[in-house]
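Residues per chain, in single letters:
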Amino acid sequence: MSYPQPQGPDLVDRTKQDLKQTSKQVGGFFKKYSGGQYQLYWTYGIVLLCGVLYGIYWVGTKIRYEFLGGKEELAKARYNTADYWIKGDAGRVVPLEINGDGTSDFLGGYTGLDPKGDYLGAFDGKTGKVLWRVGPLKFGMGPSVVTTKDKALVITYPHDLLLVDLKTGKQLRAVKAPHAIREICLEPSGKDVVVLKNYRQYTQLSLTDLSTSPGDDSWCERQPLPGEGVMLAGVPLPEGMRTARAIEDPAGNRYFSGTQQVPGAGNDIPVLIARDKDGKRLWRKTYQGRIAPKFGYAAGRVYAVTNLTKPSSLYAYDAKTGKQLWVNSKLNLLGTGSVSASKDSVYVQVGRGLCVFDPKDGKLKATLGDETAP
């Protein structure tokens, strides 16, 4: 059977003619109803269309909330989101006990949502959720937070001081600092007093009412850093060592991270050296590259991250013997900013993220922020 063949113009030509005719009709319609007497109708029509679109969006949002478990749950999820972890001192983790559940919690600076900005947050050690947060804030280049047993002093740019309750995050007081701050020194016996230091400027600050009085630098030689140890200033270094960072553990043992001259070597090599309280060497570790490792102390262990080496690795050592307990070389830790630890976790600040490791075996437990972001 043969089908009848169409006569006249082919399909393409007929389609072009139809499009031209349709264009003329549409153009004629708009031309006919574009006069001034129709402007009000066009305005009402556009407003009505926008209303219809908003109604569709509103209904869709309500339906989406129902499927996701409700608006409140979505808001909680966004509240607990660490978009980025802050670099530098503001992102240094401070491990401490906050909610009393027996697991170490921690403080740190991060970029959060609703509204988006930088916050100081207290995180639950078990769930990683935000217990409380303060902000949005603007952190400076210097120290950002110092803690006592029940308070946190937050330093924001240019030099505003906020006193916060550690348990609740409630802001207790706020004042302007008397000068710029390069270092904060705690009172050795643990009283609620600190010294604000800026070169040769020293101001004593009460953490009860934020009142000030003249101070000095006598407290600044030994500074406890939770998760890292007691930072020492002006102590003698091991022979041939320079650019060292020294910390002390509760037993009086000291750990030095820096570079050391080695006979016959072309360059100084990165080292981590441990000495007992009498100055006798306990152990010594060497590393590749030219940059000293970042390290911290907690619960009888030293945790160190090699800096700017491939592969970059996180090591765990027995603090007394130097025995290597484990090593994790699977992650890219090239951009490590700081290392701190507690009995429950090891915190490594990497890029714009925070990697949390299990101290038992070095496995990654969680990541907050984005460790791949520059």
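Summary of the structure given here.

Conventions we followed
Residues numbered from 1 in each chain as written. Predicted model: local features only at pLDDT ≥ 70, side-chain atom pairs only at ≥ 80, totals over all residues. Heavy atoms only, no water. Helix = DSSP H or I, 4+ residues; strand = E, 2+ residues; numbered from the N terminus. Buried < 20%, exposed > 50% of the residue type's maximum accessible area, 1.4 Å probe, protein only. Contact = heavy atoms within 4.5 Å. Pairing = 2+ DSSP bridges. Axes fitted to C-alpha atoms, helices over the stretch in contact; angles between N-to-C directions. Phe/Tyr/Trp six-rings, centres within 6.5 Å; stacked < 30°, edge-to-face > 60°. Lys NZ or Arg CZ within 6 Å of the ring centre and 35° of its normal.

## What to know about the overall build of the protein
On a plain count of helices and strands, the protein comes out with 3 helices and 27 strands. Here the protein holds 374 residues, and 41% of them are scored as buried. Within the protein, counting contacts between residues at least 6 apart in sequence, those at least 24 apart form 36% of the total.

## Re the sheet that holds strand S24 (residues 336–341)
An order of S24-S25-S26-S27 is seen for the 4 strands of this open sheet, with the pairing classed as antiparallel. In this open sheet, the two strands that pair with only one neighbour each are S24 and strand S27 (364–370). Direction aside, the axes of adjacent strands within the sheet are offset by 15° on average. Inspection of the sheet shows strand S25 (residues 346–350) paired to strand S26 (residues 352–357) by 5 bridges, in the antiparallel sense. When the bridges of S26 are listed, Val350 appears paired with Gly353.

## Quick word on the sheet that holds strand S20 (residues 291–298)
Whether parallel or antiparallel, the strands of a sheet pair through hydrogen bonds between backbone atoms. Ordered by their spatial adjacency, 4 strands build an open sheet running S20-S21-S22-S23, and the pairing between neighbours is antiparallel. The outermost strands of the open sheet, each flanked by one partner alone, are S20 and strand S23 (324–328). When the angles between neighbouring strand axes are averaged without regard to direction, this sheet yields 20°. Judged from the 5 bridges that link them, strand S21 (residues 301–307) and strand S22 (residues 314–318) form a sheet pairing that is antiparallel. Bridge pairing in S22 places Val305 opposite Leu314.

## Observations concerning the pairing of strand S16 (residues 241–248)
As paired strands, strand S15 (residues 229–232) and S16 are joined by 3 bridges and run antiparallel to one another. Bridging from a neighbouring strand, Met231 pairs with Ile247 of S16. Two strands pair when backbone bridges link them, and S16 and strand S17 (residues 254–260) are joined in this way by 6 bridges, in the antiparallel orientation. Within S17, the position partnered with Met241 by the bridge is Gln260. Connecting the antiparallel pair S16 and S17 is a turn made up of 5 residues, with Gly252 showing a positive phi of about 95°.

## Comments concerning the environment of Val356
Tracing the backbone shows Val356 in strand S26. A relative accessible area of 6% places Val356 in the buried class. Taking the C-alpha atoms as reference, Val356 lies 6.1 Å from Thr367; in sequence the two are 11 residues apart. In contact with Val356, not counting residues within four places along its chain, are Ser345, Val346, Tyr347, Lys363, Leu364, Lys365, Ala366 and Leu368.

## A short note on the packing of aromatic side chains
Pairs of aromatic rings are described using the distance from one ring centre to the other and the angle between the two planes. Within this structure, the stated rule accounts for 13 aromatic pairs. Aromatic side chains Phe106 and Tyr347 sit 5.0 Å apart centroid to centroid with 45° between the ring planes, which places their arrangement in the tilted category. Note that Phe106 is positioned in strand S3 (residues 105–112) and Tyr347 in strand S25, a separation of 241 residues in sequence. When the centroid spacing of 5.6 Å and the interplanar angle of 40° are considered together, the rings of Trp283 and Tyr317 count as tilted. Of this pair, Trp283 sits in strand S19 (residues 281–286) while Tyr317 is found in strand S22, placing the two residues 34 residues apart along the sequence. Accessibility assignment for this pair places Trp283 and Tyr317 in one class, buried. Ring-pair connections join several aromatic residues into one group, and the members of that group are Trp85, Phe106, Tyr110, Tyr119, Phe123 and Tyr347. The ring centre of Tyr119 lies 4.0 Å from the NZ or CZ of Arg133, which sits over that ring. Positioned above the aromatic ring of Phe295, the side-chain terminus of Arg245 is 5.4 Å from the ring centre.

## Focus: the pairing of S17
With 6 of 7 residues buried, S17 is to be regarded as a mostly interior element. Pairing of S17 with strand S18 (residues 269–275), which is carried by 7 bridges, proceeds in the antiparallel orientation. Among the inter-strand pairings, Gly258 is bridged to a residue of S18, identified as Val271.

Bear in mind that shape data such as this cannot, by itself, settle questions of function.
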